[in-house]
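Structural description and commentary
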Amino acid sequence: LHTTPGPAFRMEESLNALNTFMFVVFPYVAIVVCIVGSIWRYSSTGFKVSSLSSQFLEGRALFWGSVPWHYGILIILLAHVVAFLFQDAWAALVADQTTLYSLELIGLSLAIAAMLGLSVLLIRRLRSSRVLVVTSTMDWILLVARLAQVALGIWSALFFRWGSDWYLFTAVPWLTSLATFSPETTFVTSLPWVVKLHMLGGFVILAIFPFTRMVHIVTVPITYLWRPYQ
């Protein structure tokens, strides 16, 4: 006898399809867009690959926003990368309870500093008419994306504690499976939605990266070595 799949089965199929799109298809699409978009932008509009600094328009708020943002986010990103590349060493590190507590406190403090820095940068763009007029749509999109990403990270740190530990058994194997082209979503699909959105947020920023001022961080002015004198 052939039976029609029930609502529970159809819901499970839909959920599986959604998980596949979010944690397999979308990350690969974001990476391809990032690579191809960066090459296209540099080759077609190389002169515009710049941070487009607005410091000469307003410098005081820029300093108090940029410093905590950059120091906070760069150290946090470094910790994520180190844990991914040196999993055994990181596991041994967080196995000590005191070290785990310290890492959690330091990470949360850095995330809050990054959020405060971003908030200052947002207020600066809204309050300074000279900066506001040179702010593009992509600047706003990037700023909102970064604010959302940091906010989700702080939420995860506050309500889903000990991320320094469970990161090794969820995000790391998932990212490893993507890197080895054998994607496995089971490591992350059971996580809370806040954590999953935080993971996907990184790929959102990666996808819009080539079309924002952030692209300047991957450029090296090596052509100055052979460029004719001006």
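Up top is the structure.
Throughout what follows, the structure given in this document is the object of discussion. Note that the structure is predicted; figures quoted are calculated from it, not measured. Numbering of residues starts from 1 in every chain and runs along the sequence as written. Residues qualify for local features only when their pLDDT is at least 70, as the model is predicted, and side-chain atom pairs are given and counted only at 80 or more; totals for whole chains, interfaces and linings, by contrast, use all residues. The basis for the side-chain values is all heavy atoms of the structure; hydrogens and waters are excluded.

1. Thoughts on the packing of aromatic side chains
Whether two aromatic rings pair depends on their centres lying within 6.5 Å, for rings of Phe, Tyr and Trp, where Trp uses its six-membered ring; planes under 30 degrees apart make the pair stacked, over 60 edge-to-face, and the rest tilted. The final tally for this structure, using the stated rule, is 6 aromatic pairs. Centroid distance Tyr28 to Phe181: 6.0 Å. Interplanar angle 10°. Geometry classified as stacked. Taken together, the residues Tyr28 in helix 1 (residues 7–44) and Phe181 in the loop between helix 8 (171–179) and helix 9 (193–208) connect sequence positions 153 residues apart. Ring geometry for Trp174 versus Phe203: centroids 5.8 Å apart, planes at 75°, classification edge-to-face. In this pair, Trp174 is assigned in helix 8 and Phe203 in helix 9, connecting sequence segments 29 residues apart. What counts as a helix is a DSSP run of H or I of at least four residues, what counts as a strand is a run of E of at least two, and both are numbered from the N terminus.

2. Let's talk about the nonpolar core
Residues belong to a common nonpolar core when they are buried Ala, Val, Leu, Ile, Met, Phe, Trp, Tyr or Cys residues joined through side-chain atoms within 4.5 Å. A 1.4 Å probe rolled over the protein chains alone gives each residue an accessible area, and that area as a share of the maximum for its type sets the label: buried under 20%, exposed over 50%, partly exposed in between. The biggest cluster of nonpolar side chains holds 20 residues, and the ones touching the most others in it are Phe23, Trp174, Val188 and Met199. Contributing elements (two or more residues each) for this core: helix 1, helix 3 (87–94), helix 8 and helix 9. Here this core gets 5 residues from one element, more than from any other, and that element is helix 9. Contacts are residue-level and defined by heavy atoms, with any inter-residue pair within 4.5 Å sufficient. Residues within four places of Met199 in sequence aside, it is in contact with Thr170, Ala171, Trp174, Val188 and Leu191. Leu108, Ala111, Leu147 and Val150 belong to the second-largest nonpolar core, a separate cluster that totals 15 residues.

3. Details of the environment of Tyr101
With respect to the secondary-structure elements, Tyr101 resides in helix 4 (residues 97–127). Residue classification places Tyr101 among the partly exposed positions, given a relative accessible area of 41%. Linking Tyr101 and Trp162, residues 61 residues apart in sequence, is a C-alpha distance of 8.0 Å.

Purely geometric stuff here, so don't read any function into it on its own.
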